[in-house]
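Examination of the molecular architecture
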Amino acid sequence: MEGLLLIKECKYCHENLKSCLDEGIECIVCNSNVHAGCLKRGSVPGGLHGDLFYNFTCQECSDIGSEKFVRQKLSWLQVITLSLYHLGTKSAGLARNGFFHWRDHIVAFIDRNWDILFPNEIKRKKKWIGTVAGRLSHYSSYLFLSGGKTVINKTAWWTLMYPKITPLVLSNIYNVMNLEKQKAKSRNEKRVTSDAESFDALLKQYVPDENLTKKFDISRRHINSIENIDEVDNQTEKKKQKSIKRKILLPNYKDLPKKLMKFTPISSLTEEPVFYDNPSEQIPIQKSQNGPSMKPLKLLDPMCYYNTSLNNISRMKMQKMHVKLTGNIRKEITLSPYSGIYLKPYIRRDVDTFPSWLKLMAEIQLTANKTDPEFILNPRAPIDYTYVQPEHIPAINSLCNQFFWPGIDLTESLQYPDFSCVALYKRLIIGFAFLVPDVKHTENYISFVFTRPGWRNCSIAKFMVYHLIQTSLGRDITLHVSINNPALFLYQQFGFKVENVVLDFYDKYFRTDVQDSKHAFFCRLER
Ligand SMILES: [Zn+2]
Ligand SMILES: [Zn+2]
């Protein structure tokens with residue numbers, strides 16, 4: 001292991017080897033080294049970046065006249081460092097803020113390269129995926145770094161603690177550390193340093209270049225974008241702290257001119273519910289402050305407000321019996337025609353959020369059953385976020401025609417479902433958000449974001465926009481928003497900046513029954 005410190009030269013080109021920068025692989029016969037790049041065959045077999053875990057015989061020593069490579073038996077630690085190192089250098093674009101998803105990226109990578117990593121193990125152990133997760137957290141103090149909790153509160157994102165150190169060097173130093181631990185144990189010495197400290201000290205001893213031994217820099221990255229969502233959505237914990245944080249996070253509404261702030265009033269549990277005699281009056285009517293010229297918002301189909309929004313035909317055709325029985329979501333993955341990636345049946349399940357519409361419904365039931373001491377309120381269902389499915393389209397088109405303008409057809413979004421998010425309460429569509437990829441070379445465009453009235457102001461749109469942003473890493477995202485639409489604040493929270501004002505943008509679509517301005521801000525999120 002002392003060999004790590006010696007300066008060695010490449011047998012083929014006679015230049016020096018550089019640890020972590022221009023590494024070599026050692027011939028098991030003559031013990032001389034060859035740069036990975038100088039190998040006669042161009043690279044190591046399998047082509048994994050930083051993969052020098054072979055028993056190598058150089059051309060001169062080989063009995064067959066050409067280089068020989070025999071795969072060493074790899075430990076899971078080596079496999080995971082190798083995967084993260086290859087992903088980090090060759091597929092950095094997959095990462096979120098530098099972190100890779102343990103299953104979608106790391107396990108998938110190992111699965112794809114199984115024959116390269118384990119050529120001698122044809123049969124896979126049943127529990128190998130669990131082993132990967134176990135190793136990641138076991139070495140989380142000094143080899144792997146987790147990227148904070150995800151929106152669903154799981155530690156799922158990982159990266160290398162020392163991103164510039166190659167897998168071979170990491171593995172060698174890990175072995176040196178274990179040897180020293182064993183020696184100390186045999187001498188009955190008490191350990192005073194933790195593994196993390198010993199590892200860091202050894203690494204700095206063997207790799208004197210400070211640039212290489214730098215740890216992954218979290219502060220530089222925009223980790224906040226992942227964690228803010230947590231803060232806002234996590235309704236159960238730290239309510240008090242959260243409200244303070246939220247105040248800082250959100251723009252100060254009080255300082256804004258009243259005119260900009262036309263929220264639809266929504267009954268909450270603290271207010272007395274209001275009952276109407278005439279069913280047509282049940283929809284909250286927006287009263288114009290500028291005089292009587294504006295008409296109230298007309299809903300073309302008032303039943304759509306209550307009804308499940310998937311029409312009967314698509315429901316019968318597209319859903320399997322157990323989906324009908326167990327709720328709203330398909331269990332199967334779907335293939336995206338755009339990316340060729342299999343999309344999971346749902347993006348997120350949220351059991352915490354309690355939108356005002358459901359509060360109102362609960363209130364009505366409790367009031368109506370006041371006299372029944374046995375009455376128990378049915379538990380409410382979660383809010384599910386999914387990718388758009390064919391059976392959603394009729395309902396989404398209907399909502400678009402009611403709330404935006406007539407003639408919208410979002411069938412095309414099925415061509416790129418990766419860039420969609422549909423929020424469901426059971427089978428009712430309560431919100432959706434769509435992004436059109438590749439409107440320009442490095443630009444994606446958010447075309448529609450909608451949440452049903454009564455389901456607003458509880459972070460549903462926020463999660464959907466967050467999801468769309470995550471699908472377009474490394475690309476600018478642009479959008480238009482009506483200049484008096486409070487959704488602008490949501491976009492600003494995510495870092496969108498107003499680029500210019502487009503007068504009469506909604507001219508063609510302007511409806512006298514909607515209060516939104518026909519002028520729009522054109523906003524951009526720069527990446
Ligand atoms: Zn060389
Ligand atoms: Zn040799």
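Up top is the structure.
From a predicted model like this one, the values you see are computed outputs, not experimental measurements.

**Quick notes on the overall build of the protein**
Secondary structure assignment for the protein yields 14 helices and 17 strands. Per-residue burial over the protein gives 43% buried out of 527 residues. Sequence separation of at least 24 residues holds for 66% of the intrachain contacts in the protein that already meet a minimum separation of 6.

**Examining the pairing of strand 12 (residues 420-425)**
Most of strand 12 sits out of view: 6 of its 6 residues are buried. Alternating positions in strand 12 separate into two faces, S420, V422 and L424 on one and C421, A423 and Y425 on the other, with burial throughout. Here strand 11 (residues 383-386) pairs with strand 12 via 4 bridges, running antiparallel. Bridge pairing in strand 12 places Y385 opposite A423. One ladder, built from 6 bridges, connects strand 12 with strand 13 (residues 428-440); its direction is antiparallel. When the bridges of strand 13 are listed, Y425 appears paired with L428. Between strand 12 and strand 13, which pair antiparallel in sequence order, lie 2 residues; one of them, K426, sits at a positive phi of approximately 55 degrees.

**Notes on the coordination of the zinc ion (ligand 2)**
For the zinc ion (ligand 2), every protein donor is listed as C27 (SG), C30 (SG), C58 (SG) and C61 (SG), and the spread of their distances is 2.2 to 2.4 Å. The coordination sphere of the zinc ion (ligand 2) comprises 4 donor atoms, whose angles at the metal cover 99 to 121 degrees; the geometry is tetrahedral. For the zinc ion (ligand 2), the single-chain donor residues occur in sequence as C-x2-C-x27-C-x2-C. We classify C61 as partly exposed; its relative accessible area is 25%.

**Points about the pairing of strand 4 (residues 68-71)**
Regular strands place their side chains on alternate faces of the sheet. Of the two faces of strand 4, the one lined by F69 and R71 is fully buried and the one lined by K68 and V70 carries no buried residue. Alignment of strand 3 (residues 54-57) against strand 4, held across 4 bridges, turns out to be antiparallel. Along strand 4, the bridge assignment pairs F56 with F69.

**Some details on the coordination of the zinc ion (ligand 1)**
Around the zinc ion (ligand 1), the protein contributes the donor atoms C10 (SG), C13 (SG), H35 (ND1) and C38 (SG), which lie 2.1 to 2.3 Å from the metal centre. Geometry at the zinc ion (ligand 1) is tetrahedral, judged from its 4 donor atoms and the angles of 97 to 121 degrees they form at the metal. When its relative accessible area of 0% is taken as the criterion, C10 is described as buried. On the basis of relative accessible area, C13 is assigned to the partly exposed category, the value being 31%.

**Description of the packing of aromatic side chains**
Aromatic rings considered in pairs are described by the distance between their centres and by the relative angle of their planes. In this structure the tally under the stated criterion is 23 aromatic pairs. Seen from their ring centres, Y139 and F144 are 6.4 Å apart, and the 80 degrees between their planes marks the pair as edge-to-face. As far as burial versus exposure is concerned, Y139 and F144 are alike and both buried. When the centroid spacing of 6.0 Å and the interplanar angle of 35 degrees are considered together, the rings of Y162 and F199 count as tilted. Taken together, the residues Y162 in the loop between strand 7 (157-160) and helix 5 (167-186) and F199 in helix 6 (residues 195-206) connect sequence positions 37 residues apart. When sorted by exposure, Y162 lands in the same class as F199, which is buried. Through successive ring pairs, a cluster of aromatic residues spans Y139, Y142, F144, Y162, Y174 and F199. Taking the ring centre of Y12 as reference, the NZ or CZ of K40 above it sits at 4.4 Å. Across from the ring centre of Y346, 5.3 Å away, lies the NZ or CZ of R349, which sits over that ring.

**Thoughts on helix 13 (residues 460-471)**
With 12 residues, helix 13 should cover 16 Å at 1.5 Å per step; its first-to-last C-alpha distance of 17 Å lies within 8% of that length. For helix 13, a buried count of 11 out of 12 residues is recorded, marking the element as mostly surrounded by other parts of the structure. Among the residues of helix 13, those classed as buried are I460, A461, K462, F463, M464, V465, Y466, H467, L468, I469 and Q470.

Criteria and cut-off values
- Residues numbered from 1 in each chain as written.
- Chains lettered and ligands numbered in written order.
- Predicted model: local features only at pLDDT ≥ 70, side-chain atom pairs only at ≥ 80, totals over all residues.
- Heavy atoms only, no water.
- Helix = DSSP H or I, 4+ residues; strand = E, 2+ residues; numbered from the N terminus.
- Buried < 20%, exposed > 50% of the residue type's maximum accessible area, 1.4 Å probe, protein only.
- Contact = heavy atoms within 4.5 Å.
- Pairing = 2+ DSSP bridges.
- Donors = N, O, S within 2.8 Å, 3.2 Å for Na, K, Ca; no water.
- Tetrahedral: all angles 85-135°; square planar, octahedral: opposite > 155°, others 65-115°.
- Phe/Tyr/Trp six-rings, centres within 6.5 Å; stacked < 30°, edge-to-face > 60°.
- Lys NZ or Arg CZ within 6 Å of the ring centre and 35° of its normal.
- Expected span 1.5 Å × (residues − 1).

All we've got here are geometric facts, nothing functional implied.
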